[in-house]
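Analysis of the macromolecular model
As a plain string of letters, each chain reads:
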Amino acid sequence: MPDWIRSFCLVCLLCAGPQRCAEQPCQSGLRPGQHPGPYAAVISTGPQRGVSHCYICETADKPAVLIFARGLSDPLGKLAQKLDRAVAEQKKADLRSWITFLSEDQLSLDSKVVAWSKKFALRSLSLGVFEDLVGPPSYRLSRDADVTVILFVKQKVAANFAFRTGELNDDKIAEVMKALPRIVAEKK
């Protein structure tokens, strides 16, 4: 094949690539069947406020919903409210849930996390800050993902959802919540 055709094809692929990528769903974090590894975040709310803590370490085989977020948004607040209620309603299953915000500056984000938590009246959902925008290395979070939701039970991921900025909406929140009974039922 002549070089000019190869060059032309390469240019076509490069031009079409970003459009194709934008249409594909965002993928971030651990895949179903993988094991969530330990990591610590500085807790922003609740009795452990200000302490570096590993929720993965204490969760063991219990069902859990872990969210990594790069920002404080209203759609994330809506999802947090639903998970907050689910944790309160699923006391028997000992459902765990927390949000880990990713930031390079934990101190400046902390007060914003506290205010955001009050705005959405969160009571049972723990919130903390991991001081690195990339997140814990073993989780392989995509830089494109604004929010990554990982549901797991018995130390294995059961479902994973990832959303770019602006993609988390009421329909996507409903999809996440629809997956919740799967991990709660598996615990029993």
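We now turn to the structure provided with this report. Just so it is clear, the model here is predicted, and its values are computed rather than measured.

Let us now look at unusual backbone geometry. With phi around 60°, Asp-94 is a residue other than glycine that occupies positive phi space. Tracing the backbone shows Asp-94 in the loop between helix H3 (74–89) and strand S4 (96–102). Look at Gln-155: it is not a glycine, yet its phi comes out positive at around 60°. Look at Gln-155 and you get partly exposed, because its relative accessible area is 41%.

Before going further, it helps to examine the side chain of Ser-44. On the secondary structure map, Ser-44 appears in the loop between strand S1 (41–43) and strand S2 (52–53). On the basis of relative accessibility, which here comes to 1%, the residue Ser-44 falls in the buried class. Residues in contact with Ser-44, not counting those within four places in the same chain, are Arg-49, Asp-110, Val-113, Val-114, Leu-127, Gly-128 and Val-129.

Once that is clear, we can look at H3. Counted at 1.5 Å a residue, the expected span for H3 with its 16 residues is 22 Å, and the 23 Å between its end C-alpha atoms agrees. The opening residue of H3, the one whose side-chain oxygen lies 3.2 Å from the backbone nitrogen of Leu-76, is Ser-73.

Here we come to the sheet that holds strand S3 (residues 64–69). The pairing of strands in a sheet comes from backbone hydrogen bonds and takes either a parallel or an antiparallel form. One open sheet holds the seven strands; their spatial order is S2-S1-S5-S4-S3-S6-S7, and the pairing between them is mixed. Each having just a single partner strand, S2 and strand S7 (156–163) make up the two edges of the open sheet. Here H3 sits on the sheet and contacts S3, S4 and strand S6 (147–153); the angle it forms with S4, its principal contact strand, is near 155°. Each of S1, S4 and strand S5 (126–130) touches helix H4 (residues 106–119); the most contacted strand, S5, lies at about 160° to it.

Let's shift gears to the pairing of S5. With five of five residues buried, S5 lies mostly within the body of the structure. Of the two faces of S5, the one carrying Ser-126, Gly-128 and Phe-130 and the one carrying Leu-127 and Val-129 are both buried. Two elements, S1 and S5, share two bridges in a ladder whose sense is antiparallel. Bridging from a neighbouring strand, Val-42 pairs with Val-129 of S5. In this structure, S4 lies alongside S5, joined through five bridges in parallel fashion. What sits directly across from Trp-98, in S5, is Ser-126.

Counting buried positions along S6 gives seven out of seven residues, so the element sits mostly inside the fold. In S6, alternate side chains face the same way, and those of Val-147, Val-149, Leu-151 and Val-153 on one face and Thr-148, Ile-150 and Phe-152 on the other are all buried. Two strands pair when backbone bridges link them, and S3 and S6 are joined in this way by six bridges, in the antiparallel orientation. Along S6, the bridge assignment pairs Val-65 with Leu-151.

As a further point, take the packing of aromatic side chains. Enumeration according to the criterion identifies eight aromatic pairs in this entry. Between Tyr-39 and Tyr-139, the aromatic rings sit 5.5 Å apart at their centres with planes inclined by 80°, giving edge-to-face as the arrangement. One end of the pair, Tyr-39, is in the loop between helix H1 (3–23) and S1; the other, Tyr-139, is in the loop between S5 and S6, and 100 residues separate them in sequence. By the burial criterion, Tyr-39 is buried, and Tyr-139 matches it. The exposure class of Tyr-139 is buried, given its relative accessible area of 0%. Here a set of aromatic residues connected by ring pairs shows up, and it is made of Tyr-39, Phe-68, Phe-130 and Tyr-139.

The rules we used
Residues numbered from 1 in each chain as written. Predicted model: local features only at pLDDT ≥ 70, side-chain atom pairs only at ≥ 80, totals over all residues. Heavy atoms only, no water. Helix = DSSP H or I, 4+ residues; strand = E, 2+ residues; numbered from the N terminus. Buried < 20%, exposed > 50% of the residue type's maximum accessible area, 1.4 Å probe, protein only. Contact = heavy atoms within 4.5 Å. Expected span 1.5 Å × (residues − 1). Polar contact = N/O pair within 3.5 Å; in protein donor to acceptor, adjacent residues only side chain to side chain. Pairing = 2+ DSSP bridges. Axes fitted to C-alpha atoms, helices over the stretch in contact; angles between N-to-C directions. Phe/Tyr/Trp six-rings, centres within 6.5 Å; stacked < 30°, edge-to-face > 60°.

The analysis is restricted to geometry; functional conclusions fall outside its scope.
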